[in-house]
Amino acid sequence: MKRPVKRLEQALDWLCWSSAAELDKQQRLAEYSAYRMAPREFMLSAAIGAAAAFTLFYTFYQSLGVAVGFASLGIVAPRLRNAGLLDKRRVRLQLQFKEALYSVTSSLAAGRSVENAFVAAEADLQLLYPGHSADIVREFAMIRYRMENGDTLESGLRQLADRAKLEDITQFVDVFSTCKRSGGDLVDVIRRTSQVIGEKLDIQQEIAVMLAQKRFESRILIAVPFVFIAGLNLAAPDYTEPLYNSPLGYVLLTILLLGFAGCGALIRKIMAIRL
């Protein structure tokens, strides 16, 4: 009995299903290397995926039974959407951290201490991202709470870097901790580090803009065969009728579908450039 339950839990975890306890933990202490959708969002993504799979297979095979049978493949849609939401959240956190560094640099240049500069940065970030909904605002508020309770700034930043697992944040924390211990010029170090990170993110954004058009074109290329077949079935059903009247026709359709799926996977892999 335990083994089927464990397999079910593993399957739900692979599909990115979240329990109430996991969602509560995620809201209290965010892990930026993983993302968990709310049950309502999970069910909505699965429903949309099932509807899309039903439409695709019915368009291709013109068989209600086949379409209903393969509609269950839509259950993997939450996993795909979860990966996209995770990437967007990590990119958003990088951009927010860049703005936070600019604020800290300005405060240090004005004569504030390092700790006070990070506290002042929280107020600046609240103006940029009102509503306390931005990840960086919550993270800087958490760092402030830790310092108010006797913890060090380095410890708070290190915890953020460990949870974010982003190269830019980790490198900044390493440089900051080393400079703080060795007594270096923190103002100059933070200014130079923020400048380098900002330039790097600007270049990444330029590359992302150039790739966005190509990704859109790739989605059109993937969709064209299915739209073409749907058009033939609607406009000239006599032309495609031989495909649906013999087993050989269904074999041919299956080979074509697998070929389209392989081309789509190859295009997706080529376009999946890590910035």
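Our subject is the structure that appears above.
The text that follows walks through the structure, step by step, so that each part is easy to find. (Residues numbered from 1 in each chain as written. Predicted model: local features only at pLDDT ≥ 70, side-chain atom pairs only at ≥ 80, totals over all residues. Heavy atoms only, no water.)

### Comments concerning the pattern of salt bridges
And then number 1: According to the stated counting rule, one finds 13 salt bridges in the structure shown.
And then number 2: One salt bridge in this structure joins Glu 41 and Arg 81, with 3.4 Å as the shortest N-O distance. Of this pair, Glu 41 sits in helix 3 (residues 39–61) while Arg 81 sits in helix 5 (residues 77–109), and the two are 40 residues apart along the sequence.
And then number 3: Residues Asp 188 and Arg 192 are paired through a salt bridge, measuring 3.0 Å at the closest nitrogen-oxygen approach. Of the two residues, Asp 188 and Arg 192 both sit in helix 10 (residues 186–235), 4 residues apart, roughly one turn of that helix.
And then number 4: A relative accessible area of 24% means that Asp 188 is categorised as partly exposed.
And then number 5: Taken together, the shared-partner salt bridges connect Arg 89, Asp 135 and Arg 138 into one network. (Salt bridge = Lys/Arg side-chain N within 4 Å of Asp/Glu carboxyl O. Helix = DSSP H or I, 4+ residues; strand = E, 2+ residues; numbered from the N terminus. Buried < 20%, exposed > 50% of the residue type's maximum accessible area, 1.4 Å probe, protein only.)

### Overview of helix 5
And then number 1: Relative to the 48 Å expected for 33 residues at 1.5 Å per residue, helix 5 spans 49 Å between its end C-alpha atoms, a close match to the ideal helical length.
And then number 2: Just beyond helix 5, the residue with positive phi is Gly 111, at close to 105°. (Expected span 1.5 Å × (residues − 1).)

### Some remarks on the packing of helix 5 against helix 7 (residues 135–148)
And then number 1: It is the contact of helix 5 with helix 7, at a shortest axis distance of 9 Å, that shows an interaxial angle of 55°. Judged by the angle between their axes, helix 5 and helix 7 are oblique. Taking contact as the criterion, the partners of Arg 89, Arg 92, Leu 93, Gln 96, Phe 97, Ala 100 and Val 104 in helix 5 are, on helix 7, Asp 135, Ile 136, Arg 138 and Phe 140. (Axes fitted to C-alpha atoms, helices over the stretch in contact; angles between N-to-C directions. Parallel < 35°, antiparallel > 145°, perpendicular 65-115°, else oblique. Contact = heavy atoms within 4.5 Å.)

### A few points about a nonpolar patch on the surface
And then number 1: Taken together, the side chains of Tyr 58, Leu 64 and Val 68 present a nonpolar region at the surface, about 290 Å² in accessible area.
And then number 2: Tracing the backbone through its elements, the reader meets Tyr 58 in helix 3.
And then number 3: Judged by its relative accessible area of 35%, Tyr 58 falls in the partly exposed class. (Patch = residues over 30% accessible without salt bridge, like charges linked within 9 Å, V, L, I, M, F, W, Y side chains within 5 Å. Areas by Shrake-Rupley, 256 points an atom, 1.4 Å probe, with all protein chains shown as cover.)

### Section: the environment of Leu 243
And then number 1: Relative to the assigned elements, Leu 243 resides in the loop between helix 11 (237–240) and helix 12 (247–271).
And then number 2: Exposure remark for Leu 243: the relative accessible area of 25% places this residue in the partly exposed category.
And then number 3: C-alpha of Leu 243 to C-alpha of Gln 62: the two residues are 181 residues apart in sequence and 9.9 Å apart in space.
And then number 4: Ignoring any residue separated from it by four or fewer positions in sequence, one finds Leu 243 in contact with Gly 249, Tyr 250, Leu 252 and Leu 253.

### Some remarks on the packing of aromatic side chains
And then number 1: This structure, assessed with the given rule, holds 13 aromatic pairs.
And then number 2: Measuring from centroid to centroid gives 5.9 Å for Phe 60 and Tyr 61, while their planes differ by 70°, and the two rings are edge-to-face. Neither Phe 60 nor Tyr 61 differs from the other in exposure class; each is buried.
And then number 3: Here Tyr 244 and Tyr 250 contribute two aromatic rings whose centre-to-centre distance is 6.1 Å and whose plane-to-plane angle is 70°, an arrangement assigned as edge-to-face. (Phe/Tyr/Trp six-rings, centres within 6.5 Å; stacked < 30°, edge-to-face > 60°.)

### A short note on the nonpolar core
And then number 1: Among the nonpolar cores identified, the biggest contains 34 residues, and Phe 118, Ile 136, Ile 169, Phe 172 and Phe 176 are the most heavily contacted of them.
And then number 2: Only helix 5, helix 6 (114–128), helix 7, helix 8 (153–164), helix 9 (167–182) and helix 10 provide two or more residues apiece to this core.
And then number 3: The leading source of residues in this core is helix 5, at 6 residues.
And then number 4: Counting 10 residues, the second-largest nonpolar core is a separate cluster that includes Ala 53, Phe 57, Tyr 61 and Leu 253. (Core = buried A, V, L, I, M, F, W, Y, C linked by side-chain atoms within 4.5 Å.)

### What to know about the side chain of Ser 103
And then number 1: Along the chain, the position of Ser 103 falls in helix 5.
And then number 2: Those residues in contact with Ser 103, other than ones at most four positions away along the chain, are Ala 121 and Asp 124.

### Let's talk about the packing of helix 5 against helix 6
And then number 1: Direction vectors running N to C along helix 5 and helix 6 enclose 130°, while the axes themselves pass 8 Å from each other. As the angle between them shows, helix 5 and helix 6 are arranged oblique. Handedness of the crossing formed by helix 5 with helix 6: right-handed. Contact with helix 5, carried on its side by Gln 96, Glu 99, Ala 100, Ser 103, Val 104, Ser 107 and Leu 108, involves Val 114, Ala 117, Phe 118, Ala 120, Ala 121, Asp 124, Leu 125 and Leu 128 of helix 6 and no other residues of that element.
And then number 2: For the contact of helix 5 with helix 6, the residue count by class is 10 nonpolar, 3 polar and 2 charged. (Left-handed = near helix turned anticlockwise from the far one by under 90°. Nonpolar A, V, L, I, M, F, W, Y, C, P; charged D, E, K, R; others polar.)

### Points about the environment of Phe 176
And then number 1: Topologically, Phe 176 is positioned in helix 9.
And then number 2: Exposure remark for Phe 176: the relative accessible area of 1% places this residue in the buried category.
And then number 3: Residues Phe 176 and Glu 154, 22 residues apart in the sequence, show an inter-C-alpha distance of 7.9 Å.
And then number 4: Here Phe 176 is in contact with Val 114, Phe 118, Leu 153, Glu 154, Leu 157, Leu 186 and Ile 190, once residues within four sequence places are set aside.

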